Structures are given as structure tokens and as C-alpha cells.
2 protein chains.
Amino acid sequence: MRINRHFLELKDSYLFRRIAQEVAAYKSANPTADLVRLGIGDVTQPLAPAVVDAMAQASRELGVRETFRGYDDGGVGYDFLRSAIARYYAARGVAVSDDEIIVSDGAKSDLGNILDIFADDSLALIPDPVYPAYVDTNVMSGRRVAYVEGSERNDFLPAPQDVPDGVTPDVIYICSPNNPTGAVYTRDGLKAWVDYANAVGAVILFDAAYEAFVQDETLPRSIFEIDGARTCAIEICTLSKIGGFTGVRCGYTIVPRELTDADGNALLALWRRRQTTKFNGVSYVTQRGAEAVFSDDGLAQCRANISYYLENARIIGGALQSLAIPYRGGTNSPYIWFTVPNGDSWAYFDRLLREKHIVGTPGAGFGQRGEGYMRLTAFGQRDKVEEAAKRLTDN
Amino acid sequence: MRINRHFLELKDSYLFRRIAQEVAAYKSANPTADLVRLGIGDVTQPLAPAVVDAMAQASRELGVRETFRGYDDGGVGYDFLRSAIARYYAARGVAVSDDEIIVSDGAKSDLGNILDIFADDSLALIPDPVYPAYVDTNVMSGRRVAYVEGSERNDFLPAPQDVPDGVTPDVIYICSPNNPTGAVYTRDGLKAWVDYANAVGAVILFDAAYEAFVQDETLPRSIFEIDGARTCAIEICTLSKIGGFTGVRCGYTIVPRELTDADGNALLALWRRRQTTKFNGVSYVTQRGAEAVFSDDGLAQCRANISYYLENARIIGGALQSLAIPYRGGTNSPYIWFTVPNGDSWAYFDRLLREKHIVGTPGAGFGQRGEGYMRLTAFGQRDKVEEAAKRLTDN
């Protein structure tokens, strides 16, 4: 057989696996080290009580013939969940219809799999630095990638005028609030991208994974808050952060009906076809848990968790501030992004691990322009975060 | 943007969606019709008590900080589940190691996504008739497809000598027990394919979804029961049938370490990389439920469900027999496959729906060679199955 040789072009192993391996090796050599893990963006707060109750109840329903459920028809998500998501958007004035929402097991899956519906020779425009899976999934399928630079010059919010000369993208990735920099686009900032995408005929893949962290009401949480987005944008979101669902697995993708190629082929129909052919839906138990996230009680409980993480971010930020280390993020985002000494982020990762027993994520893992920076996450438990802050400021 | 135009080459909509639409239309025009659904291969028995208990317990664990779990490290499945699966194989003398097992949300996902690791211009050899997603996923990605014919001549068990002249496949699909025909390969039958695949350097994708239905101990339930399979085969399986997990979503793929391309690239590493980059693991709740399927209590309870469905198959088979309609399957398989009058399976589907209020699946939906046949499934509830048998035999 012949393998897909594009896999051999991938750099090292996937960032977070590499970090896990390096940490495991250190831990194995230093078994007594009490590590504080502020590396991977994984949550630590337990699920909201409303969610747990819904999931335990759904599990029991599946054990009774009268309430048993098999395949979620078509695998696009139960009506009860799709309408709960639509209401979550409607509550902030964003109109999306249930049938434009396709439920999945998570944003990472959708961000990778959505490429199936685009031509093989599509050109992806990807911010640098950014969540590394965007690049890896394009490289894996042999697609061309161009980068648009995020840096202090543009506050890590690249704009259409930063697109390199000669590059006309087919697909544009935007992640706001940004992973890893914590930067958040303003409405005007997103409007510029929407106008650009409509002008060049590109599709924006808007990764809204961190929308629940936006506290400043003047900042957009959905691309569909922006006029013109329905003809150029797909929004991909997850319950991993709002609901603490990293281990429960639920996300969704919104494809507006108006979004078509030049021949009028609807991307919604293509994505639906992709999913119904290569996916079979999300666990009923997970979908009932997800529905509960968007209930009044669930949202209140989930928002308390978001506040908890934002307080963590404030504590980490305070430690950096007291060391006079400039940082970004942490206010409308769970991520703190700061400059490392000597510009070598893997060296600083090692130093932080060895000297402070703190696990961070080296900026270089997010792209060439991430070199020189470090990402810390606010998803830890409070006592661990406080311990990390203490270790950072102790000499 | 430019879409993947291969999607436009797909026939109609996905088979089971089309059936659902036709049934919904009939039901809407005839609201009082009491339909018996023997079409889609969805289970109806509730989950085993051991599974329900494990899932409710896992849900509660996620609501407590000390037992909360986030990302399943790497997204390949928890150790507890991978070792339970390895033990399930070991119990019938098949040695697979935990790290060769990659857990997923289902066989349909893996069967579609596994193509990512093969070259774009791979040639897939696909039985006709067979589960239609094999063809659709290849067409979607623009891969070439050749068919190997199943018919009464070879008891719907195509052999290497049936491969058309001039065809040298890269990827060979085998589904045994077969969907839709119910045919099951013998060890010798599979050995012939293993020898062929090793000789031509092809990979067998062995779909073992229905293995739990095999009652005849002389018949193989895993490709890895066959000498030589570890250098040429990948096995994809699901808990949908053994555990009734169609709504819970769990499957797994086994890639032996010895399976490499000519340059020594291990397919296990490629598949692991694909999954860790484009997937983030299966719900912890689902994985605990899956572990319970493979416990002693769970297996006993699940096997009682399998026996229930096999008794359904016997009842449907008995009705066909009394009508002197020859059929296949139903003994080591949940599917019954029989010849329809006049050779037009969609016409017979309509007739069965209108005259008997029974939903079947037209053989033509499984490929050109499926035309002239009908598939009924044994996954219904007993009273419905008995009602269907009565309607079939009533004049």
C-alpha cells in the first residue's frame, strides 16, 4: 500500500503530546517533584451539578426499553440540543437556525474534518502564532498554507492588510479569543476580515472555543455578530471550556444557509453530507449533558467556573506583574502570554519545569512567531495556581 | 473558496437518510400506519444494567473535583478500556497489545477517517454489495474504487480470484459477518485474502462490527485469528452491536505494530498521529460504559441481547421459509438477505412499506450487485418482529 506521505512532513509530534512526554520523563527521573501543570488547556473544575444530573438521568434512560435511544437520526445532533444552542445565540441577539447547527464530539474534530469539504489545492491562511492543529491538519492533507503574522506590532491581532503580497486564501482561520495569545478581536477587527473574505471569496473558519471567557460586552463572541458573516463564515465551537466538557466531548459547527461556492453549492449540505457519511453522532448522554449546560441553572453554574478561572488568570498575571514581566491575555481569555528571557521558549519551558516545577507551553509550539513567548493557562485548581504564583515570585 | 467537487459525484443522499425521508413522507401521509422498522441496523434492547451503572457512576465522578477527568491523554482511549478490549481478544486466543488499540467514537468514523493515512491515489477494492459508507468515503476523497462481486455464485463471499483482471488494490475492504448479506467468511476464506494482501502489498480493512453474532466457533471473528494478518490488516470494530452502543458511541481500531509500508513507516504511528491531531478522544462516561461491556457481568448481559436478536432472525427467517422465499444470513448475523420479486428492490421496498407497513432496506442501496435483494434486520423488538412475520405470511 502507499501511505499519505504528507504525514512525514509534520513537525515532531503533536505539541501537547511532546510536552506530555517531556513532563513524564522529568517526573519519572524526579518522582518527588510536585509539578504545577499550567501547560495544556484542560479544565479542572468538576462538571456543573445540572450537567451531572442530566447525564446520570440519561444513562438510566438508556437502560429502560421505553426510553432507550439508538442512533441519533442522521448524526447531526438531537433537536433538543440544537435548539438549546440556537437559544444560547439568540440570547445575545445572534440568529442562527437549528438546522444550521451540526453537533459533534468537539471543535478539534470539526476543525480537522471540515477540510474534507474544500478542494485539495485550497490555500489556508493561518495566523502565526496559533493553535497548532490548524497547520497540522492542512499539512496532513497536503494543502498549501500561508501565514499571517501576529506580533506586538498588531497586538497579536493580524488584519487583512497583514496578508502577504500575492496570497489569496481560500480558507482563513481566526481564533478569538486567541489561543495562545489571549488577544480578542473587536467588532471592527472582525468586520475587516468579513469584508476581506467576502471580497476575495474566501471562507472564514471562526474558532469560538473561548467565547465564554469574554467579559467585555463590546467584544464579539461570535463571527455572526458581524454583518456579512453569513456569506463567508463557518463558526466552530466547543463545550470544553464553557461546560468543562474536555472529557465529555461535545462541540458544534454552524454553517449559514447563505454560504455557497460560486456555483451555488451550499456548504451546509456538504458538511452535513460529510458528517452523516463519516460520523454517527454524539452520545445521547453527552447531548443531554450539553443541553443542561445551556439551561438557566447550568449556565449560572458554568459561569461560576469561568469566573473561577478568570480569577486564576488574575493571580498569575499579578505574579508576572510583580516581576515586571509584561504579559497579555487573562482578562477575556484563560490564557496568559508573556515574553521569555533570551527568546528561547523551549529552553524557558525546561527552566520553568526544572527550577519552579511549573509546566507551561513554549510559544514556539504555536508557530515561528510564537518563539520568544510562553503560554500559561488559568485552568488549574486555585491552590495550585497560588502555589505557581508563589514559586514564580520567589527567588 | 473552492469546494471538494468529489462530493458532487456522490449518488443521491446517504442510503439510510434516503430511507428515513421516504418513511417519514409515507408516515406523514398515513399517520395511522403502524410501521414495523426492520430497515436501519439500529438496536432496540436497552443497555445492560452493568453498563448503565458504570455510566451513571462515571457521570457522578465528573461532578466531584477529586475524581473529575478532562482530556483523555492523547485521545486514544483510557488504559482501562484498551486493556479490557485486549482481554476480550485474548479470551479467544487472539493476542493484540493495548497500544495497538485506538479507541474512537465508532466504526463509521474510523472507516471514513482511516483513509487519511493512505495516498490520495490509492485504489480501494470494495465488495459489491456492501455497507455503502465504504464507497462514499472513497468517492468523497476522490480515491479510485474497484469492485469485487458478491453473488449467489460465490455465496456472497468474494475471493481473491474474483478480483477483476488488471486491478491491484492498495486497500481491501472486508466485512464479515457481512452487512448486508449475512455471509461469514471461513478461516480458509479469510486466509486466502490475507495471503493475497501480503502478496500484492495491500492493506485489508476488516470491519468486524458484527463479530458478536458469530455463534459457530469454527468461524473467525477477528482477522487476527488468521496467520499473516499482522503484516497486512487493520481491524475496525464497534460496541454498537455487542453492547447496544448505537446511541452511546464507542468503537476501536487495531493496527498491528508489524504493519508498515515498504519504507518501514508504521501505520500504527500514522493512525495515532491522525487521531491525536484531528480527534480528542471519547467521553469518559462512554469509556466506563464500554469497559463494563467487557466485564463478566456485562458480557453475559450483552450476550443475552445478542441471543434475543438471533431469535428475532429465526422468526423472520421462518416467515420467509413458509413463503418459500430463499434467504441467507440470520444465523451468525443479524441480517436476513433475500431475493425480491421482479428484481427491483426499491419497488419492493415501496410495496413492503405500503402493503405490509414494514420498512426494509433495498439491496440496490448496497451496490449494483445488491439489486434484486432485500435486507431485513433482526434488531427489532420481539412483538414488532412477530407482527412483521405475521404480516409477511398473511395474504
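K.L.:
How would you sum up the side chain of Ser240(B)? Please name residues and give values.
P.N.:
Within the secondary structure, Ser240(B) is located in the loop between strand E7 (233-238) and strand E8 (251-254). Owing to a relative accessible area of 3%, Ser240(B) belongs among the buried residues under this scheme. Once you skip the residues sitting within four places of it in the chain, Ser240(B) turns out to touch Tyr71(A), Val43(B), Phe245(B), Thr246(B), Arg249(B) and Cys250(B).

K.L.:
Got a sec to walk through the nonpolar core? Specific residues and values, please.
P.N.:
Within the largest apolar cluster, 148 residues are counted, with the highest numbers of intra-cluster contacts made by Ile204(A), Tyr252(A), Phe294(A), Ile204(B), Tyr252(B) and Phe294(B). If we skip the residues at most four places from it in the chain, Phe294(B) touches Leu81(B), Ala84(B), Ile85(B), Tyr88(B), Leu239(B), Ile242(B), Tyr252(B) and Leu299(B). Of all hydrophobic cores here, the second largest spans 68 residues; its members include Ala107(A), Tyr131(A), Leu267(A) and Ile234(B).

K.L.:
An account of the pairing of strand E6 (residues 203-207) of chain B is requested, with residue identities and associated values reported.
P.N.:
Residue and element names in this part refer to chain B. Buried residues dominate E6, accounting for five of its five residues. Judged by which residues are buried, E6 turns out to be covered on both faces: Val203, Leu205 and Asp207 on one side and Ile204 and Phe206 on the other are all buried. In the sheet, strand E5 (residues 171-175) pairs with E6 via five bridges, with the strands oriented parallel. By the bridge assignment, Val171 is partnered in E6 with Val203. With four bridges joining them, E6 and E7 adopt parallel strand pairing. For Ile204, the partnering residue across the bridge sits in E7 and is Ala233.

K.L.:
How would you summarise the interface of chain A and chain B if you had to cite specific residues and measurements?
P.N.:
Contacts between the two partners involve 88 residues from chain A and, on the opposite side, 89 residues from chain B. Across the interface of chain A and chain B, roughly 7,200 Å² is buried in total on both sides, 54% from carbon and sulfur atoms. On inspection of chain A and its partner chain B, the count reaches ten salt bridges. With a closest N to O distance of 2.7 Å, Asp121(A) and Arg2(B) form a salt bridge. Across the chain A-chain B interface, the total number found is 36 residue pairs in polar contact (both at pLDDT 80 or more). Mapped onto the side of chain A that touches chain B, the elements with two or more residues apiece are helix H1 (15-29), helix H2 (49-61), helix H4 (107-113), helix H5 (133-140), helix H7 (267-278) and helix H8 (284-293) of chain A. Ranked by residues supplied to the side of chain A that touches chain B, first place goes to H7(A) with eight residues.

K.L.:
Outline the packing of aromatic side chains, listing residues and values.
P.N.:
If you walk through the whole model with that rule in mind, you get 40 aromatic pairs over all chains. Aromatic side chains Tyr89(A) and Tyr252(A) sit 6.1 Å apart centroid to centroid with 80 degrees between the ring planes, which places their arrangement in the edge-to-face category. Of this pair, Tyr89(A) sits in helix H3 (residues 79-90) while Tyr252(A) is found in strand E8 (residues 251-254), placing the two residues 163 residues apart along the sequence. The exposure class assigned to Tyr89(A) is buried, which follows from its relative accessible area of 0%. Its relative accessible area of 1% is what places Tyr252(A) among the buried residues. With 6.2 Å between their ring centres and 85 degrees between their planes, Tyr335(B) and Phe379(B) make a pair best called edge-to-face. Residue Tyr335(B) is found in strand E10 (residues 335-339), and its partner Phe379(B) is found in the loop between strand E13 (373-377) and helix H11 (382-393); the two are separated by 44 residues along the sequence. Judged by relative accessible area, which is 1%, Phe379(B) ranks as buried. Aromatic rings pair up to connect Tyr210(A), Phe213(A), Tyr308(A), Tyr309(A), Tyr335(A) and Phe379(A) into one cluster.

K.L.:
So what about the sheet that holds strand E4 (residues 144-149) of chain A? Which residues, and what values?
P.N.:
Residue and element names in this part refer to chain A. Here seven strands make up an open sheet; going across it, the order is E2-E8-E7-E6-E5-E3-E4 and the pairing mixed. On the outer flanks of this sheet lie strand E2 (101-104) and E4, each paired with one strand and no other. When the angles between neighbouring strand axes are averaged without regard to direction, this sheet yields 20 degrees. By the bridge criterion, four bridges tie strand E7 (residues 233-238) to E8 in an arrangement that is antiparallel. Residue pairing for E8: Ile236 is matched across the bridge by Thr253. Sheet strands touched by H3: E2, E7 and E8. Its angle to E2, the strand with the most contacts, is close to 115 degrees.

K.L.:
Tell me about the relation of the copies chain A and chain B, and please be specific about residues and values.
P.N.:
Note on the identical chains: chain A maps onto chain B by a rotation of 180 degrees and an axial translation of 0.0 Å, with an RMSD of 0.0 Å. When the rotation and shift are considered jointly, the pair of chain copies conforms to a two-fold rotation axis. Identified as the residue of chain A closest to the rotation axis by C-alpha distance is Ala56(A), at 2.2 Å. Both copies contact each other with a shared surface, as 100% of the interface residues of chain A are interface residues in chain B too.

K.L.:
An account of the domain arrangement of chain A is requested, with residue identities and associated values reported.
P.N.:
Residue and element names in this part refer to chain A. Domain parsing of chain A yields domain 1 (5-47 + 297-393) and domain 2 (50-295). Computed from C-alpha coordinates alone, the two centres of domain 1 and domain 2 are separated by 24 Å. Together, the buried faces of domain 1 and domain 2 total about 3,500 Å²; carbon and sulfur atoms form 62% of this surface. The tally of links from domain 1 across to domain 2 stands at two salt bridges. Seen at the junction of domain 1 and domain 2, the total is 17 residue pairs in polar contact (both at pLDDT 80 or more). Only H1, helix H9 (296-322), strand E9 (327-329), strand E10 (335-339) and strand E13 (373-377) provide two or more residues apiece to the side of domain 1 that touches domain 2. When its residues are assigned to classes, the side of domain 1 that touches domain 2 shows 18 nonpolar, 13 polar and seven charged.

K.L.:
So what about the sheet that holds E7(B)? Which residues, and what values?
P.N.:
Residue and element names in this part refer to chain B. Spatially, seven strands are ordered E2-E8-E7-E6-E5-E3-E4 in an open sheet, and the strand pairing comes out mixed. Only two strands of the sheet have a single neighbouring strand rather than two, namely strand E2 (101-104) and strand E4 (144-149). Recorded for the sheet is a direction-independent mean angle of 20 degrees between the axes of neighbouring strands. Sheet topology note: the strand E3 (residues 123-128)/E4 ladder contains six bridges and is parallel.

K.L.:
Could you give an account of the environment of Gly39(B), naming the residues involved and the relevant values?
P.N.:
All names here are of chain B. Structurally, Gly39 is set in the loop between strand E1 (36-37) and helix H2 (49-61). Among the residues examined, Gly39 registers a relative accessible area of 1% and is labelled buried. Counting along the chain gives 298 residues from Gly39 to Trp337, while the straight-line C-alpha distance between them is 12 Å. Contact partners of Gly39, with chain neighbours within four places excluded, come to Val359, Gly360, Thr361, Arg375 and Thr377.

K.L.:
Can you tell me about H2(B), naming the residues and giving the values?
P.N.:
Taking 1.5 Å of rise per residue, the 13 residues of H2(B) would be expected to cover 18 Å, and the 18 Å separating its terminal C-alpha atoms lies within 8% of that figure. Among the residues of H2(B), those classed as buried are Ala50(B), Val51(B), Val52(B), Ala54(B), Met55(B), Ala56(B), Ala58(B), Ser59(B) and Glu61(B). As for H2(B), its buried residues are in contact with H2 and H8 of chain A together with helix H8 (284-293) and helix H9 (296-322) of chain B.

K.L.:
Give a detailed account of the pairing of E10(A), specifying residues and quantitative values.
P.N.:
Residues and elements named next belong to chain A. Burial analysis of E10 places four of its five residues in the buried class, which makes it a mostly covered element. Examined bridge by bridge, E9 and E10 share three bridges and lie antiparallel to one another. Residue pairing for E10: Tyr327 is matched across the bridge by Phe338. Hairpin connection from E9 to E10: five residues lie between these consecutive antiparallel strands, with Gly330 at a positive phi of about 85 degrees.

What counts, and at which threshold
- Residues numbered from 1 in each chain as written.
- Chains lettered and ligands numbered in written order.
- Predicted model: local features only at pLDDT ≥ 70, side-chain atom pairs only at ≥ 80, totals over all residues.
- Heavy atoms only, no water.
- Helix = DSSP H or I, 4+ residues; strand = E, 2+ residues; numbered from the N terminus.
- Buried < 20%, exposed > 50% of the residue type's maximum accessible area, 1.4 Å probe, protein only.
- Contact = heavy atoms within 4.5 Å.
- Core = buried A, V, L, I, M, F, W, Y, C linked by side-chain atoms within 4.5 Å.
- Pairing = 2+ DSSP bridges.
- Buried area = accessible area lost by both parts, 1.4 Å probe.
- Salt bridge = Lys/Arg side-chain N within 4 Å of Asp/Glu carboxyl O.
- Polar contact = N/O pair within 3.5 Å; in protein donor to acceptor, adjacent residues only side chain to side chain.
- Phe/Tyr/Trp six-rings, centres within 6.5 Å; stacked < 30°, edge-to-face > 60°.
- Axes fitted to C-alpha atoms, helices over the stretch in contact; angles between N-to-C directions.
- Least-squares fit on C-alpha atoms with pLDDT ≥ 70 in both.
- Domains from an automatic or database assignment.
- Nonpolar A, V, L, I, M, F, W, Y, C, P; charged D, E, K, R; others polar.
- Expected span 1.5 Å × (residues − 1).

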